Amino acid sequence: MAILEIKHVSKFFGGLAANSDVSFEMSEGMIMGLIGPNGAGKTTLFNCITGYYPPSKGEVIFDGRRMNGLQPDAVCKLGMARTWQKVRPLAKMTVVDNVMVGALCRTNSLKKARELAMEQVRVVRLDHRADFLAGGLPIGERKKLEVARVLATQPKLLLLDEVMGGLNPAESEEIIRLILDIRKLGITQMVIEHDMKAIMRISDRIVVLNSGEKLAEGEPQEIVSNPDVIAAYLGSE
Ligand SMILES: Nc1ncnc2c1ncn2[C@@H]1O[C@H](COP(=O)(O)OP(=O)(O)OP(=O)(O)O)[C@@H](O)[C@H]1O
Ligand SMILES: [Mg+2]
């Protein structure tokens, strides 16, 4: 069974179709890459999937259940969590306290939440920073913190919006490792990313958006040799 079904999803802002009749499915445990030019509608699709916006048309089915109309906190409790393109940690709280906020989605016990949070801080390899204030972290570590916060909600499906954006090659490599580690935990992932080398390495399949519409879908090799994708996004380098 598909863990996520996107069925004819459209999202209109006035006259602008940020998403237009987008359909695809994800099977459990896979990594789906979501790519496309700036303004293609990638983040909007994340917002429609995770309850930040209701889709104007179409349906989002997660784990067999219709998500339309559910609020983000309800969606998160059902097992879907997303990161934000622009990371905004709670700057005056420590790393582990930031992650506890995610863990409190699953427990009312502060002690238990702290344990869950520390586990995820270790998964993203920030244990040496656990008691640092989040506001003082460099960007590479903020991005890892963002991933730890969502992992602490114990998702079945994780949606990552440009977690490698603004990182240097060594930092990006660490995030790639992290995404592959998360796959080993059995968590399904959808990953928005502009770095094609990275997306090729991690994705089982890729969906390409352009001007709100699905331009192509397939395995990474099919996508990079697709003339429409090359014309709209990749160029001929
Ligand atoms: N809340 C909003 N109100 C009005 N227009 C919006 C809103 N959110 C997004 N848009 C518009 O929808 C289109 C798609 O934006 P979106 O942020 O989804 O693109 P994206 O593919 O994530 O781009 P990027 O790669 O730059 O992050 C853009 O034209 C954007 O200006
Ligand atoms: Mg975006």
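Up top is the structure.
Our next topic: the sheet that holds strand β5 (residues 65-66). Spatially, β2-β1-β4-β5 is the arrangement adopted by the four strands of the open sheet, whose pairing is antiparallel. Lying at the two open borders of the sheet, with one neighbouring strand each, are β2 (16-27) and β5. Relative to strand β1 (residues 2-13), helix α1 (residues 42-49) is tilted by about 115°, and along the sheet it contacts β1, β2 and β4 (57-62).

With that settled, the discussion passes to the site of ligand 1. Close to ligand 1 lie 15 residues, the nearest being G39, K42, T43, T44 and Q85. Here an oxygen atom of ligand 1 sits 2.8 Å away from a polar atom, N or O, in the main chain of G39. The protein chains hide 64% of the 640 Å² of surface that ligand 1 would expose on its own. Counting only elements with at least two residues in the shell around ligand 1, the list comes to β2 and α1. Counting residues per element, the shell around ligand 1 draws most heavily on α1, which supplies three residues. Partitioned by chemical class, the residues of the shell around ligand 1 number six nonpolar, seven polar and two charged.

A few words now on the state of the cysteines. Tallied over the entire structure, the rule returns zero disulfides. The thiol sulfur of C48 is not disulfide-bonded, and the nearest other cysteine sulfur, from C76, lies at 18 Å. Residue C48 is classed as buried on the basis of its relative accessible area of 3%.

Right, let's get into the pairing of strand β7 (residues 157-161). Along β7, five of the five residues are buried, which leaves the element largely enclosed by surrounding structure. Of the two faces of β7, both are covered, the one formed by L157, L159 and D161 as well as the one formed by L158 and L160. Of the strand pairs in this sheet, strand β6 (residues 80-82) and β7 are connected by three bridges, and their pairing is parallel. Each bridged residue has a counterpart across the sheet, and for M80 the counterpart in β7 is L157. This β-α-β element, β7 to helix α6 (residues 169-184) to strand β8 (residues 188-192), shows right-handed connectivity.

The rules we used
Residues numbered from 1 in each chain as written. Chains lettered and ligands numbered in written order. Predicted model: local features only at pLDDT ≥ 70, side-chain atom pairs only at ≥ 80, totals over all residues. Heavy atoms only, no water. Pairing = 2+ DSSP bridges. Helix = DSSP H or I, 4+ residues; strand = E, 2+ residues; numbered from the N terminus. Contact = heavy atoms within 4.5 Å. Axes fitted to C-alpha atoms, helices over the stretch in contact; angles between N-to-C directions. Near = heavy atom within 4 Å. Polar contact = N/O pair within 3.5 Å; in protein donor to acceptor, adjacent residues only side chain to side chain. Areas by Shrake-Rupley, 256 points an atom, 1.4 Å probe, with all protein chains shown as cover. Nonpolar A, V, L, I, M, F, W, Y, C, P; charged D, E, K, R; others polar. Disulfide = S-S within 2.5 Å. Buried < 20%, exposed > 50% of the residue type's maximum accessible area, 1.4 Å probe, protein only. Right-handed = clockwise from strand over helix to strand, strands pointing away.

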